[in-house]
Amino acid sequence: MAKSKKKSKNQTQNVAAQEKKPTGTISTVSKPSVFKFSPIYDLLHYFEKAQDQWEARYVLVMTAILYRAAVGLGGYSGEGVAPMFGDFEAQRHWMELTIHLPISQWYFFDLQYWGLDYPPLTAFHSYICGQIGNFINPEWFALNASRGIENSHIKNFMRYLSLVSELFLYIPAVLAIANLLGKKFKLNRMDQIVIACLIINQPHLILIDHGHFQYNSVMLGFFVYSVIELIKGRLTLASIWFVCCINFKQMGLYYSTFIFVFILSQLKSFQQLVSVGFTVLLTQFVILIPFLQSPSNLLQILIRVFPFNRGLFEDKVANFWCTSNVIVKYREIIDMQQLSKLSLITTILSILPMNIILFMKLRKTKNFIPGLIYGFIGNSFSFYLFSYQVHEKSILIPLVPSVLLIFVDAELIDIIQWINNVGTFSLYPLLKKDELVLQYVIGIFIINWLIGSRLLLKSRSIMWNMIIKGCYLAMATYHVIDFWFEPPSRYPDLWVILNCAISFAGFALFWLWVNIRIWKLKVE
């Protein structure tokens, strides 16, 4: 009896001790899975046991490689289209010029033929890849003589480079943030793997990097690692990753305003401010050291990376300017310089309210992760919708933080996947030009089948049901029209403009929803 009382007393003390645990401690109690009845859960539940979960990650990575390799069997940008070809040739040409020319000529060489117009880390990446390729076969990168080379060997080599680049940075970053946010939001290990699988297999990035051909995954990998360090509170390391992000592709600047606001909201002392500022300047200085031989090099990099003389938008893109240009012919009523100022003012006005709200709220809360994710989504969408010189491929920038929102609230999976579907749809005219329609259709099918109609089309408010289902109906109708009918000869870009209009409507509605969510964020 005495032993029983003693045991009872000890149990009471243990419960009391558990109740007194600090609020910052991560609970071991996991939330029930939102994905329990989805096809992706059925596929992966065999690895539910803890000792089998490394196998799930192995299968996930190997499947990702196979998927990307299959997409790479299709066409690519500018294939067989002489004399300029396309992005595939641009990337190859940059490898060619960086390995043969002194660094002082990199940003000056033959600007009429795919002159280098990305930041220094892209140039260094091209140099390393070019040296590897030149070692294997010098003919692939012979200066000037190799222009337009399209044999199967160079195609394989370039596809491998894209695969390795993503495997080196982006995929490990996604797996790392899945583990980190999974613990923060008390998701079970199975859900962490499921969400990582959904992020890694979103078709938009795969189709652009491994179909059309680019290296966006490197920039996005740097960004995700920056977010990881922000979540951990390591602001200086986050700054290093982010400086690398914008020095690989200037599109990373879509995130820049908010990362500045977020870091400012988290600073506890002037010493921290100095530390972060010094880290940013030092990292940028180190990257630019090889170009410091002449001030003209630095000026030329700026001119090439920020080409304000190219126009308000490039080709047809689903942002505000291109869509409204159907009605208001901006170039006929406003000169180029005024247009750049107008887009700058519009972009500032679109990001200012959300950043003021987020700054005030993030300073008062320890639960900053939802605000962090929403901030990156809102700001990057603002830049995509309203800024100057936007490419259709720039939609990849806001879509990455959008899928990270699944960790914050998996119940939003239908809205999150809807906007990712709209993002992939917006790339269709580009992918059609590259003869990647089959890859586009299969990619869209796979990701939506993995989630399942039960989650994709779940019942919400009347407004959201109308938005999501109406948008899917509009996209399906567009594809029927595009498949069966040729555009009128008088308006050859009519179907492309229709695609832009549908996509812009989806992006604008999602951007407004994000702004409302930011306004309603609770400070805890």
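Residues numbered from 1 in each chain as written. Predicted model: local features only at pLDDT ≥ 70, side-chain atom pairs only at ≥ 80, totals over all residues. Heavy atoms only, no water.

Draft legend 1. Quick peek at the overall build of the protein. The helix and strand inventory of the protein stands at 25 helices and 0 strands. For 524 residues, the compact-globule estimate of 2.2 N^0.38 gives 24 Å, and the protein sits close to it at 24 Å. The dimensions of the protein, computed from C-alpha atoms along their principal axes, are 95 × 55 × 50 Å. Evaluated residue by residue, the protein yields a buried proportion of 55% over its 524 residues. Within the protein, contacts between residues separated by at least 24 positions form 78% of all contacts whose residues are at least 6 apart in sequence. Counting only carbon and sulfur atoms, one obtains 66% of the accessible surface of the protein, whose full area is about 24800 Å². For the protein, the distance from the average site of its 45 positive side-chain charges to the average site of its 31 negative ones is 17 Å. (Helix = DSSP H or I, 4+ residues; strand = E, 2+ residues; numbered from the N terminus. Rg over C-alpha atoms; globule rule 2.2 N^0.38 Å. Buried < 20%, exposed > 50% of the residue type's maximum accessible area, 1.4 Å probe, protein only. Contact = heavy atoms within 4.5 Å. Areas by Shrake-Rupley, 256 points an atom, 1.4 Å probe, with all protein chains shown as cover. Lys, Arg positive; Asp, Glu negative; His and termini not counted. Charge placed at Lys NZ, Arg CZ, Asp CG, Glu CD.)

Draft legend 2. Spatial organisation of helix α3 (residues 53-71). With 19 residues, α3 extends 27 Å from end C-alpha to end C-alpha; this agrees with the ideal 27 Å at 1.5 Å per step. Three or more residues of α3 are buried, namely Gln53, Ala56, Leu60, Ala64, Tyr67, Arg68 and Val71. One side of α3 carries all its buried residues, which in axial view fall inside an arc of 100°. Away from its buried face, by an angle of more than 90 degrees, α3 presents the exposed residues Trp54, Tyr58 and Leu66. Tucked inside the fold, the buried residues of α3 contact α6 (152-168), α7 (170-184), α8 (189-200), α9 (203-213) and α22 (437-451). (Expected span 1.5 Å × (residues − 1). Arc of directions from axis to C-beta.)

Draft legend 3. The arrangement of the side chain of Ser350 in detail. With respect to the secondary-structure elements, Ser350 resides in helix α17 (residues 336-362). With relative accessibility at 8%, the residue Ser350 sits in the buried group. At 2.7 Å, the side chain of Ser350 and the backbone oxygen of Thr347 are in polar contact. For Ser350, the contacting residues outside a window of four places in its chain are Ser382, Phe386 and Trp511. (Polar contact = N/O pair within 3.5 Å; in protein donor to acceptor, adjacent residues only side chain to side chain.)

Draft legend 4. Quick look at the packing of α9 against helix α10 (residues 216-232). Here α9 crosses α10 at 135°, and the two axes come no closer than 9 Å. When the axis of α9 is compared with that of α10, the two are oblique. Taking contact as the criterion, the partners of Leu205, Ile208 and Asp209 in α9 are, on α10, Asn216, Ser217 and Leu220. Tallied by class, the residues present in the contact of α9 with α10 amount to 3 nonpolar, 2 polar and 1 charged. (Axes fitted to C-alpha atoms, helices over the stretch in contact; angles between N-to-C directions. Parallel < 35°, antiparallel > 145°, perpendicular 65-115°, else oblique. Nonpolar A, V, L, I, M, F, W, Y, C, P; charged D, E, K, R; others polar.)

Draft legend 5. Summary view of the environment of Ala123. Tracing the backbone through its elements, the reader meets Ala123 in helix α5 (residues 120-136). We classify Ala123 as buried; its relative accessible area is 0%. Sequence-wise, Ala123 and Ser33 are 90 residues apart; in three dimensions their C-alpha atoms are separated by 44 Å. Excluding residues within four positions of it along the chain, Ala123 makes contact with Thr98, Trp106, Tyr107 and Leu116.

Draft legend 6. Geometry of the side chain of Arg159. Secondary-structure assignment places Arg159 in helix α6. In this structure Arg159 is buried but unpaired, with Glu79 as the nearest side chain of opposite charge at 6.6 Å. In terms of polar contacts, Arg159 uses its side chain to reach the backbone carbonyl oxygen of Gly211, at 3.1 Å. Non-local contacts of Arg159, meaning those with residues more than four positions away in its chain, are made with Gly72, Gly74, Gly75, Tyr76, Asp209, His210, Gly211 and Phe213. (Salt bridge = Lys/Arg side-chain N within 4 Å of Asp/Glu carboxyl O.)

Draft legend 7. Up close: the packing of α17 against helix α25 (residues 494-520). It is the contact of α17 with α25, at a shortest axis distance of 9 Å, that shows an interaxial angle of 25°. With respect to α25, the axis of α17 lies roughly parallel. In this structure, α17 crosses over α25, and the sense of that crossing is left-handed. Listed contacts from α25 to Ser350, Met354, Ile357, Leu358 and Lys361 of α17 are Trp511, Asn515, Ile518, Trp519 and Lys520. A class-by-class count of the residues in the contact of α17 with α25 yields 6 nonpolar, 2 polar and 2 charged. (Left-handed = near helix turned anticlockwise from the far one by under 90°.)

Draft legend 8. Region of the structure containing the packing of aromatic side chains. Overall, the coordinates contain 38 aromatic pairs when judged by the stated rule. Note on Phe223 and Tyr255: the rings are 3.7 Å apart at their centroids and 10° apart in plane angle, and the pair reads as stacked. Taken together, the positions of Phe223 in helix α10 and Tyr255 in the loop between α11 (235-248) and α12 (256-266) put the pair 32 residues apart, joining distant regions of the chain. By the burial criterion, Phe223 is buried, and Tyr255 matches it. Taken together, Tyr374, Phe381, Tyr384, Trp418, Trp464, Phe507, Phe510 and Trp513 form an aromatic cluster joined through their ring pairs. Over the aromatic face of Phe37 sits the side chain of Arg454, whose NZ or CZ is 4.5 Å from the ring centroid. (Phe/Tyr/Trp six-rings, centres within 6.5 Å; stacked < 30°, edge-to-face > 60°. Lys NZ or Arg CZ within 6 Å of the ring centre and 35° of its normal.)

Draft legend 9. Region of interest: the nonpolar core. Grouped together as the largest cluster of nonpolar side chains are 156 residues, with contacts concentrated most on Phe35 and Trp418. Excluding anything up to four places from it in sequence, Trp418 contacts Trp464, Ile467, Ile468, Cys471, Tyr472, Gly506 and Phe510. One finds Ile103, Tyr107, Phe109 and Ile301 within the second-largest nonpolar core, a separate group that totals 15 residues. (Core = buried A, V, L, I, M, F, W, Y, C linked by side-chain atoms within 4.5 Å.)

Draft legend 10. Representation of the state of the cysteines within the structure. A full pass over the atoms with the stated rule returns 0 disulfides. Looking at the unpaired Cys245, the closest cysteine sulfur is the one in Cys244, lying at 8.9 Å. By relative accessible area, Cys245 is classed as buried at 0%. No disulfide involves Cys500; its sulfur sits 4.6 Å from the nearest other cysteine sulfur, which is in Cys322. (Disulfide = S-S within 2.5 Å.)

Draft legend 11. Highlighting the pattern of salt bridges. Considering all chains together, one arrives at 12 salt bridges under this definition. Two residues, Arg147 and Asp110, come together in a salt bridge whose shortest N-O distance is 2.7 Å. You can see Arg147 sitting in the loop between α5 and α6 and its partner Asp110 sitting in the loop between α4 (87-100) and α5, a full 37 residues away along the chain. Classification of Asp110 by relative accessible area gives partly exposed; the value is 29%. Shared partners join several salt bridges into a network, and the residues in it are Asp87, Glu392 and Lys393.

Draft legend 12. Region of the structure containing unusual backbone geometry. With an omega of 5°, the peptide bond between Ala82 and Pro83 qualifies as cis. You can see Pro83 is positioned in the loop between α3 and α4. The phi torsion at Asp110 lies on the positive side, around 35°, for a residue other than glycine. One non-glycine residue with positive phi stands out, namely Glu435, at about 60°.

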